[in-house]
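Observations on chain architecture
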Amino acid sequence: MSFSGRSRLLALSTSVVCLIPTLSIAQDKQSTFAIPAQKLTAALMAFSRQTGLHIAFDGKVADILRSAPLYGKMDNFSALHKLLGTNIFKIDASNQNFITLRAKTAQKTKTSEQAREDNLTVQGHRRELRTKRNFAGVVDTATYDDLSNLGGATSIAQMLTQLPGVTGIRNGDEPRYISVRGVSSDLNQTMLDGITLASISDGGSIRRRVNLQNIPAEMTGEDSIYKTFTAEQDGGAIGAVIDMNPRSAFDHKGLYKYINAYGIYSTEKGSAGANRIPGMSPHLGQGAKAVFSDRFGKNNEFGIMTSFRYQKRTRNTSKTWQEDSYNYYDTKGKILKPNASTTPGWNGMTAPRYVDGGSYSNDLNTLGGAARLEWRPKNTGLSASVMGYAYQRWEDSFMEHNEYLLDDTGIWNQTPTSGREYIYRARTIGRKDNWKMNTNGVLGNLNWHDNISTLKLRAGYTWEDYFNHEPYVTARVYPSEKGNKAVFADYTIDKERVATLTDISDMNKLLNSGYTFQTVQQEYDRDHEGVANVRLDYTRNLNPDSHGFGFASGFEWRSLDATNSSNQLWYTPGGDATSSMFIPDMKNPNGPFFDLTHFAWDKQTLDADKSRSYTQLAYFRYKEQLFDGYVSLHYKWRHSQLIAGVRADAVNFNAFIPETDGANATGKINKKNGGYINPLPSLTFVHEFPRDLILHAVYSQSVGRPQPTDLAQAEQYSCGNSDDTQAGSVNCSLTRGNPNLRPRQAQNFDVSIDKFFNHGRGVFSVAYFNKIIKHDIYTTRSTELINDELTYVKQPRNANTSTLMGVEVSVVNRSIKGPWNQSFDVNASGTWMRGRMTYEGANVSYKLNQLPEQPKYIFNGSVTWHIPQIRGALKASFSYSAKYLEGLNDDPTQIYGYGSQPSLDIGAWHDITDSLRFKYEVYNLAGSHTRMYYGKNLNRLEAKENYGRSIYFEVVYN
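It should be emphasised that the depicted structure is a prediction, and the values quoted were computed from it without experimental measurement.

What the protein chain contains, in helices and strands, is nine helices and 51 strands. With 958 residues in all, the protein chain has 56% of them scored as buried. Looking at the protein chain alone, contacts between residues at least 24 apart form 72% of all its contacts between residues at least 6 apart. Total accessible area computed for the protein chain in this model is approximately 39100 Å², and 54% of it derives from carbon and sulfur atoms.

Below, the structure written as structure tokens:
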């Protein structure tokens, strides 16, 4: 008689513990189940045959209990939970050789808080580590949990910045995009349920970076960043493939409901509610989130999941710019000649020549939701889903900006940190933005599987629309410095030599000094991008517990259609601006402002020719077709796996570009065609050593597709003084796109070691990566002879090879036991990177030790302290990225980027009842500022922004 047969006999005839042999459940393997509801003993025997798990249980107790039905494909641990249902057994998986079912006792029953956390958070953490363990390459995963995730404002971007090697590319006080391992966010491939997402990025520009700030975290369940690539994945990623998985109604046994209402207090006031800015709160905001799901049908084979979000919050900002220009005086208050700190007689105190500051009042809003209908008929191997989502984000924004040029004819009351100087020139800038972005998608998914094969068909259409109305007005004045007509400015200067204007001697005198319009303009931007995507994938013998030969193959078609248009109205400058200005209630920044709400546009004179030309030049359309096919061969031994594959990446495009006669648009549209095909091979080797130590070694090739704006851009030619020319022999400039750009081609090398511990709840990882990027793309400037004139030509070009290498270390450990039944979750990582690039300036090659959006160091982490005594927890999240480049310049001393950015967020929650939870959160607890720098080594401060702190109070019903 076999061992399993003897165990069955014992289970049926005695009350001793029953043993059913097989492998450890701690591996979280997946199996396909077909077990009807029946006596629990018989159900456990069937479960054993279908999975092969060592299970020990009390046969007499199991004989009087009934199992829940179990159908479909799922991981073994979740399946055993479902099979047991709500009976008195609990699972003990502490011994990897046997799974023990123990009868629950009153003393050992978990509190409702612990049970809920186990149902949501713990299962989510197990999925994260299971994905990391089962994938042959390098992947990091974040799971969203309604109860314990921080963030009334949580977006996918905020969640992913907690993962190793991820830098949040900020928009104000929130990350908008992410850079992975120092590679620009334009070079990520971002998908939802395997479907590529449409994206309109910064200010309506058409780029490949996906705005993850627009995607609420509660819409998805598990979001993975794949840092190494096999042939099964899209070839258009050098940084990472970001794959977001929608939430499923089958994650819950039945009806699930979650409602979160919250209030927001932002500490930075700005001038909202003052300065003739209507309809904005200085500090307060509010929001609500809700998730509902249920299952229905004769066998609960249907499921529906819905989510909803509303948010309105205030984000005010103060900003100061630092012009690298100062005045140096002698001990008698006379300006030095030459005006430099090296001139003999300097009094040792620095006075500003420029004082430049602005205030931004922003009202940010989000509204939208998602719904997903699923079908999983029992005993068929079929599953299907259809999903739709629609979100709108919109912003009302006022910018008040004053710039002062202080004269060097005298100084009064000077100290090392303050003083008074004449105002030589005052310039006021007013801008108002009313932008809206709609993010939409419809996705379908049809799957079939048996014990060996899977067939998956996915199709979807996603689109984004952007609209913005931007009035923009500037005026300037040169006050008299004679007698009582002079206007003085009092300033302070901080330790970073950033000057702030604290007072103006007579604001009315300044306002009535004769302001004239310098720029008067209105712009109506309208942009659209749509992406249609169909993909078919087939695998054979590639289940997690499969061995021997297996393969995957598939085909993908994708179509991208993007249009950029802008209706621009330019008005004749030079008229009197004083009647459109006022003295503000809040003088930050100090000076007169424009009343843009009541601006007299009907009294301005339209420059019809300039408006028409600029409107025509702003238009372009870009259409792209992608055809991809792949074959991936797998061979798996008991402890090793080898994957070799190749993907063919084929793209063709049409760029529709306005024709110009040199300086002006002709009204005609030129069509440019292009395309390329690249074979992308990959090779992956995995070996599992004893004691849960896993080695990954991966080589792959991938591409970075050019930006639509690099390929489709109108040609503009001008001669005379401009920002692109200078005095001397070069008098003309030409800017244009480049439809002949080749895609970047990257060779990616990765080696990593993962050590799993704490019964599968922890992992320690070390990874080394190296990328060699051929045909890198940068906008460069060269000198050419055009129409017998030396001309600066600026256009994107394929540059020399760039390289990037780094080391990434991370540790995750869940449920670390502490005293008095307390526990801790720890997630920490650090990444070091070094880049090398060469780009062409004005006929000169420059070498840099960084790539755009690549900091040298990144640290991310969080600690959660679970405290059962208060039925709650405390959580702190920290991220830090060193300074990084944002853009290049022909002159390396004018390269610009962001300074180091630390961020500390802290939150707490506790349960009032079994269904009601309070949460408290503070974002940017340390009050760090955003700083912009310039220079080859980003060593000169350009500007700094202060957004203050955001405080959330949330009431959660679950």
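Per the stated rule, a full pass over the model turns up 12 cavities of 30 Å³ or more. Space inside the largest cavity adds up to approximately 270 Å³. As for the largest cavity, its lining consists of 23 residues, of which Q189, T196, R208, R558 and L560 are closest to the centre. Classifying every residue of the lining of the largest cavity gives nine nonpolar, seven polar and seven charged.

Before going further, it helps to spend a moment on the nonpolar core. Grouped together as the largest cluster of nonpolar side chains are 33 residues, with contacts concentrated most on L160, I178, L192, L212, M219, I225 and Y389. Looking at this core, the elements with two or more residues in it are α6 (156-160), β9 (174-180), β13 (241-246), β14 (256-266) and β21 (382-415). Top contributing element to this core by residue count: α6, with four residues. Residues within four places of L212 in sequence aside, it is in contact with S155, I156, A157, L160, R176, I178, T190, I242 and M244. Ranked by size, the runner-up nonpolar core spans 26 residues in total, among them Y404, A426, L596 and F599.

With that settled, the discussion passes to the pattern of salt bridges. Here the structure, examined in full by the defined rule, presents 42 salt bridges. A salt bridge links D490 to R420, with the shortest nitrogen-to-oxygen separation between them at 2.8 Å. With D490 in strand β24 (residues 488-493) and R420 in strand β22 (residues 418-449), the pair connects residues that are 70 residues apart, well separated along the chain. The class for R420 is partly exposed, based on a relative accessible area of 24%. Two residues, D914 and R871, come together in a salt bridge whose shortest N-O distance is 2.6 Å. Remark: R871 occurs in the loop between β43 (857-867) and β44 (872-881) and D914 occurs in the loop between β47 (901-911) and β48 (916-923); sequence separation between them is 43 residues. Residue classification places R871 among the partly exposed positions, given a relative accessible area of 24%. A network of salt bridges, in which partner residues are shared, links D234, E556, R558, D628, R647, D649 and R705.

Attention now goes to the packing of helix α2 (residues 40-51) against helix α4 (residues 76-84). Contact geometry of α2 with α4 gives a least axis separation of 11 Å together with a crossing angle of 165 degrees. By the criterion of interaxial angle, the relationship of α2 to α4 is roughly antiparallel. For the pair α2 and α4, the crossing hand works out as right-handed. Between α2 and α4, the contacting residues are L40, A43, L44, F47 and T51 on the first element and N76, A79, L80, L83 and L84 on the second.

Before going further, it helps to spend a moment on the packing of aromatic side chains. Describing an aromatic ring pair means giving the distance of the ring centres and the angle of the ring planes. If you walk through the whole model with that rule in mind, you get 26 aromatic pairs. Centre to centre, the rings of Y262 and Y952 are 5.8 Å apart; their planes meet at 50 degrees, and the pair counts as tilted. Taken as a pair, Y262 in strand β14 and Y952 in strand β51 (residues 950-957) lie far apart in primary sequence, 690 residues in all. Classification of Y262 by relative accessible area gives buried; the value is 5%. In this structure Y952 comes out as buried when scored by relative accessible area, which is 4%. If you follow R276 out to its NZ or CZ, it ends over the ring of F582, 4.3 Å from the centre. The ring centre of Y326 lies 4.0 Å from the NZ or CZ of R497, which sits over that ring.

Our focus in this paragraph is the pairing of strand β17 (residues 317-321). In terms of burial, β17 is largely enclosed, as five of its five residues are buried. Burial along β17 is two-sided: the face carrying T317, K319 and W321 and the face carrying S318 and T320 are both buried. Across five bridges, the pairing between β17 and strand β20 (residues 354-375) is antiparallel. Its bridge partner being in β20, W321 is matched across the sheet by D356. Pairing of β17 with strand β50 (residues 940-946), which is carried by four bridges, proceeds in the antiparallel orientation. Paired with K319 across the strands is E945, a residue of β50.

On to a nonpolar patch on the surface, then. A cluster of nonpolar side chains, contributed by V751, F764, V766, Y768, V807, V809, W832, Y857, F859 and F878, occupies part of the molecular surface with about 800 Å² of accessible area. At the level of elements, β37 (762-774), β40 (802-817) and β43 are the ones that each hand at least two residues to the nonpolar patch. Ranked by the residues each element gives to the nonpolar patch, the list is headed by β37, at three residues. Mapped onto the elements of the fold, F764 is located in strand β37. According to the relative accessible area criterion, F764 is partly exposed, its value standing at 36%.

A few words now on the environment of T803. Relative to the helices and strands, T803 resides in strand β40. Judged by its relative accessible area of 28%, T803 falls in the partly exposed class. Once residues lying within four places of it in the same chain are set aside, the contact partners of T803 are K771, I772, R834, G835, R836 and L851.

In this model, the protein chain carries an average pLDDT of 85, and 90% of its residues clear a pLDDT of 70 or more. Ranking the helices and strands of the protein chain by mean pLDDT puts strand β33 (residues 693-704) first, with 96, and helix α1 (residues 3-13) last, with 38. Within the model, the stretch residues 1-27 combines pLDDT values under 50 with 65 contacts to residues more than four positions away or in other chains. This model gives residues 106-122 a pLDDT under 50, and the stretch forms 30 contacts once residues within four places in sequence are excluded.

Turning our attention to the environment of F593. Note on placement: F593 falls in strand β29 (residues 593-594). Taking the relative accessible area as the measure of exposure, F593 reaches 1% and is therefore buried. Remark: the alpha-carbon pair of F593 and S580, spanning 13 residues in sequence, is separated by 8.5 Å. When neighbours within four sequence positions are excluded, F593 is seen to be in contact with N275, E400, N402, T428, S580, M581, F582, P584, M586 and N588.

Together, R834, R836, K856 and K883 line one region of the surface with positive charge. In this fold, K883 is placed in the loop between β44 and β45 (884-887).

Our next topic: unusual backbone geometry. P338 follows K337 through a cis peptide bond whose omega is 0 degrees. Phi angles above zero are rare outside glycine, and N275 is one such case at about 55 degrees. Structurally, N275 is set in the loop between β14 and β15 (284-296). A positive phi angle, near 55 degrees, is found at S815, a position not held by glycine.

One open sheet accounts for five strands, arranged β7-β12-β13-β10-β11; its pairing is mixed. Here the strands that pair on one side only, and so sit at the sheet edges, are β7 (139-143) and β11 (195-196). Of the strand pairs in this sheet, strand β12 (residues 220-226) and β13 are connected by six bridges, and their pairing is antiparallel. Residue pairing across strands places D223 opposite M244, the latter belonging to β13.

For β14 and β15, the ladder comprises 10 bridges, and the chain directions are antiparallel. Paired with I264 across the two strands is G285, which belongs to β15. Across 11 bridges, the pairing between β15 and strand β16 (residues 302-314) is antiparallel. Counted as the bridge partner of R295 is G303 from β16. Counting the residues between successive antiparallel strands, the hairpin from β15 to β16 contains five residues, one of them, G297, with a positive phi of roughly 105 degrees.

What follows deals with the side chain of N402. For N402, the location among the structural elements is in strand β21. For N402, a relative accessible area of 1% translates into the label buried. Within polar-contact distance, the side chain of N402 engages the side chain of T428 at 2.6 Å. Apart from the residues within four sequence positions on either side, N402 is in contact with V355, D356, G357, R427, T428, P589, N590, G591, P592 and F593.

Calculation rules
- Residues numbered from 1 in each chain as written.
- Predicted model: local features only at pLDDT ≥ 70, side-chain atom pairs only at ≥ 80, totals over all residues.
- Heavy atoms only, no water.
- Helix = DSSP H or I, 4+ residues; strand = E, 2+ residues; numbered from the N terminus.
- Buried < 20%, exposed > 50% of the residue type's maximum accessible area, 1.4 Å probe, protein only.
- Contact = heavy atoms within 4.5 Å.
- Areas by Shrake-Rupley, 256 points an atom, 1.4 Å probe, with all protein chains shown as cover.
- 1 Å grid on protein atoms, 1.4 Å probe; cavity = no way out; pocket = protein on both sides within 12 Å on 5 of 7 lines; lining within 4 Å.
- Points joined across faces, edges and corners; volume = space filled by probe spheres on them.
- Nonpolar A, V, L, I, M, F, W, Y, C, P; charged D, E, K, R; others polar.
- Core = buried A, V, L, I, M, F, W, Y, C linked by side-chain atoms within 4.5 Å.
- Salt bridge = Lys/Arg side-chain N within 4 Å of Asp/Glu carboxyl O.
- Axes fitted to C-alpha atoms, helices over the stretch in contact; angles between N-to-C directions.
- Parallel < 35°, antiparallel > 145°, perpendicular 65-115°, else oblique.
- Left-handed = near helix turned anticlockwise from the far one by under 90°.
- Phe/Tyr/Trp six-rings, centres within 6.5 Å; stacked < 30°, edge-to-face > 60°.
- Lys NZ or Arg CZ within 6 Å of the ring centre and 35° of its normal.
- Pairing = 2+ DSSP bridges.
- Patch = residues over 30% accessible without salt bridge, like charges linked within 9 Å, V, L, I, M, F, W, Y side chains within 5 Å.
- pLDDT = per-residue confidence, 0-100.
- Lys, Arg positive; Asp, Glu negative; His and termini not counted.
- Charge placed at Lys NZ, Arg CZ, Asp CG, Glu CD.
- Polar contact = N/O pair within 3.5 Å; in protein donor to acceptor, adjacent residues only side chain to side chain.

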